[in-house]
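One letter stands for each residue in the lines below.
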Amino acid sequence: QLDYQDLWLIFTRRDIDIKKYPAILKYLKQYKDQLTPGIIGGRKPGSYEWYQIQDNTAYWQEFEKPKIVWGNLTLKPNFAFAESGFCVSAPANLIVSDSKYLLGILNSKITEFWVAQSGAERQGGFLEYKPMYVSPIPIPAQPEKEKISSLVTRILAAKLANQQKDVSALEQEIDQLVYMLYGLTQKEIAIVEGRE
């Protein structure tokens with residue numbers, strides 16, 4: 001859920017023509033000393049102008065696309081959609097995709113089990129959901145794509161309509177479909193669910 005604060009991100013990438021944005025230039029000039037690279041009190045030395053971002057951001061166009069986003073530390077999978085134009089800050093992560101099928105699999109108990117086995121555990125039982133732990137998750141062929149996508153659509157609609165709505169039955173239905181996709185036995189399902 002987004003909680004708008006009426007704040008804006010000024011993103012002046014390396015190839016920007018700042019003269020096209022006089023209001024931004026005027027605003028930034030008050031911070032020129034702190035923004036100037038290589039001077040005492042300024043930013044790290046580099047081949048960028050004082051008003052430009054200091055690091056290479058070759059991937060910036062990815063923020064303009066629909067994406068699946070998630071935080072770095074969590075107790076269970078919390079993958080969500082972010083529409084085009086939304087940014088995430090580090091250490092959050094993203095996959096450029098609008099696939100409800102993929103979102104369903106990433107939020108399933110299989111992903112929770114996978115990351116619990118391979119990811120680093122932190123204080124309080126939090127797990128690191130870094131890309132190095134998420135990207136190796138094998139995503140099965142899509143014979144159940146429409147069913148899972150439909151269930152994810154229903155969950156998203158329910159959560160948008162009422163933040164407190166219980167969608168656990170729909171989530172369990174997705175888990176069952178995902179177990180089938182991976183070909184898990186009842187014993188393996190019990191292990192994934194922590195019953196064994």
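Every value quoted in this text rests on a predicted model; they were computed, and no experiment measured them.

Visitor: Is there a simple way to think about the layout of surface pockets in this case?
Guide: Once rolled over the atoms, a probe with the size of a water molecule shows which space is left empty. Looking at the largest pocket, its volume works out to about 1400 Å³. Surrounding the largest pocket, 36 residues form its lining, Phe 79, Ala 80, Phe 81, Leu 156 and Lys 159 being those nearest its centre. Broken down by secondary-structure element, the contributors of at least two residues to the lining of the largest pocket are β1 (67-70), β3 (80-82), α3 (100-106), α4 (109-118), α6 (145-161) and α7 (168-182). A breakdown of the residues in the lining of the largest pocket according to their chemical character gives 19 nonpolar, 9 polar and 8 charged. In terms of residue class, the lining of the second largest pocket is built from 12 nonpolar, 4 polar and 2 charged.

Visitor: Sorry, what's going on with the nonpolar core here?
Guide: For soluble globular proteins, the rule of thumb is that nonpolar side chains tend to be buried together. Among the nonpolar cores identified, the biggest contains 28 residues, and Phe 79, Tyr 129, Val 134, Ile 148 and Ile 174 are the most heavily contacted of them. When contributions to this core are tallied by element, the ones reaching two or more residues are β1, α3, α4, α6, α7 and α8 (186-192). The element best represented in this core is α7, accounting for 6 residues. For Ile 148, the contacting residues outside a window of four places in its chain are Lys 100, Tyr 101, Gly 104, Ile 174, Leu 177, Val 178 and Leu 181. Ranked by size, the runner-up nonpolar core spans 7 residues in total, among them Ile 16, Leu 25, Leu 35 and Tyr 51.

Rules and cut-offs
Residues numbered from 1 in each chain as written. Predicted model: local features only at pLDDT ≥ 70, side-chain atom pairs only at ≥ 80, totals over all residues. Heavy atoms only, no water. 1 Å grid on protein atoms, 1.4 Å probe; cavity = no way out; pocket = protein on both sides within 12 Å on 5 of 7 lines; lining within 4 Å. Points joined across faces, edges and corners; volume = space filled by probe spheres on them. Helix = DSSP H or I, 4+ residues; strand = E, 2+ residues; numbered from the N terminus. Nonpolar A, V, L, I, M, F, W, Y, C, P; charged D, E, K, R; others polar. Core = buried A, V, L, I, M, F, W, Y, C linked by side-chain atoms within 4.5 Å. Buried < 20%, exposed > 50% of the residue type's maximum accessible area, 1.4 Å probe, protein only. Contact = heavy atoms within 4.5 Å.

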